[in-house]
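Structure at a glance
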Amino acid sequence: MDVSHGAVFRAETRIAAGMTLAGAIGYLLAWAVILVVSPPGPRGPGEPTSQLVSAYADHSGAATLAAMFIAVFLVGPIAFMAGLRSSMRERTADLPLLEVGLAAIAISVALDSAAYSIAAAAAGLAADGAEDSIVVALDTAGHWLYGSAFGPLGAAVIAAGVATLRARVFPPMFCWLAIVAGGASLWGVVLLGVTEGEDESGLADVVTTTAALGIGAWMIIAGGILWRRR
């Protein structure tokens, strides 16, 4: 009976580790799609209307392709957090933090995916000759959805960082990387709100991009560590 229970436990551990690593890869692939496909938006306020509409109209295909792939690959962060939670299932005191993290990451993914889907809709309408005001309105909505996604993302990563630090799942400095990166993500949302989306200095973009890189690095290393321990 004990042998059977041990075999089941090891199988569950391998599945959890695989989910964590695969989820981290999915998150990085979503960013790779953005870099390679280069969708035209969301762009946000501060850009001349004619230039914004032209960019959308000329790249409607890229916007649609990016929205489709991003929606798929952004399942990754949810899988990552679910796998991390499963790998720590015996640390019952820390499970509530990970459950909050799982809920928060799902909200972030929904906002992010919606932002690129709205951008794809804006591009399609621009290509069909829709009124500029409609394209601008959709772009603005997508911009705020995209920026807002960094809030729950930061909260999720902080929760995971604190949980793994308390449970000593990873080395302390590695857990602090998650906490700092998550904090930077939250700070980026604050900057976006303070500037009302018109951050001429580009500081909010720098902070959120840096946070995303830190979070991506933390996810892939965490997934790799858990996979090696399986």
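See the structure above.
Keep in mind it's a predicted model, so treat the numbers as computed, not measured.

**Describing the overall build of the chain**
Of regular secondary structure, the chain possesses 9 helices and 0 strands. When its helices and strands are written in sequence order, the chain yields α-α-α-α-α-α-α-α-α. Radius of gyration (C-alpha) of the chain: 19 Å, near the 17 Å computed for a compact globule of 230 residues. The buried share of the chain, reckoned over its 230 residues, is 42%.

**Thoughts on helix α7 (residues 150–167)**
Taking 1.5 Å per residue, 18 residues should reach 26 Å; α7 reaches 25 Å between its end C-alpha atoms and fits that length. Burial within α7 is extensive, with 13 of its 18 residues counted as buried. Of the residues one or two after α7, arginine 168 is the one with positive phi, at around 60 degrees.

**Considering the environment of threonine 64**
Locating threonine 64 in the fold gives a position in helix α3 (residues 60–73). Placed 60 residues apart in sequence, threonine 64 and glycine 124 show a C-alpha to C-alpha distance of 8.1 Å.

**Observations regarding the environment of alanine 103**
Relative to the helices and strands, alanine 103 is located in helix α5 (residues 95–127). The class of alanine 103 is partly exposed, set by a relative accessible area of 42%. On a C-alpha basis, the gap between alanine 103 and proline 152 in space is 8.7 Å, while along the polypeptide they are 49 residues apart.

**Considerations on a nonpolar patch on the surface**
A contiguous nonpolar surface patch, about 290 Å² in accessible area, is contributed by Leu65, Met68 and Phe69. Among the secondary structure elements, leucine 65 is positioned in helix α3. A residue is classified by how much of its surface remains accessible, and leucine 65, at 39% relative accessible area, is partly exposed.

Criteria and cut-off values
Residues numbered from 1 in each chain as written. Predicted model: local features only at pLDDT ≥ 70, side-chain atom pairs only at ≥ 80, totals over all residues. Heavy atoms only, no water. Helix = DSSP H or I, 4+ residues; strand = E, 2+ residues; numbered from the N terminus. Rg over C-alpha atoms; globule rule 2.2 N^0.38 Å. Buried < 20%, exposed > 50% of the residue type's maximum accessible area, 1.4 Å probe, protein only. Expected span 1.5 Å × (residues − 1). Patch = residues over 30% accessible without salt bridge, like charges linked within 9 Å, V, L, I, M, F, W, Y side chains within 5 Å. Areas by Shrake-Rupley, 256 points an atom, 1.4 Å probe, with all protein chains shown as cover. Salt bridge = Lys/Arg side-chain N within 4 Å of Asp/Glu carboxyl O.

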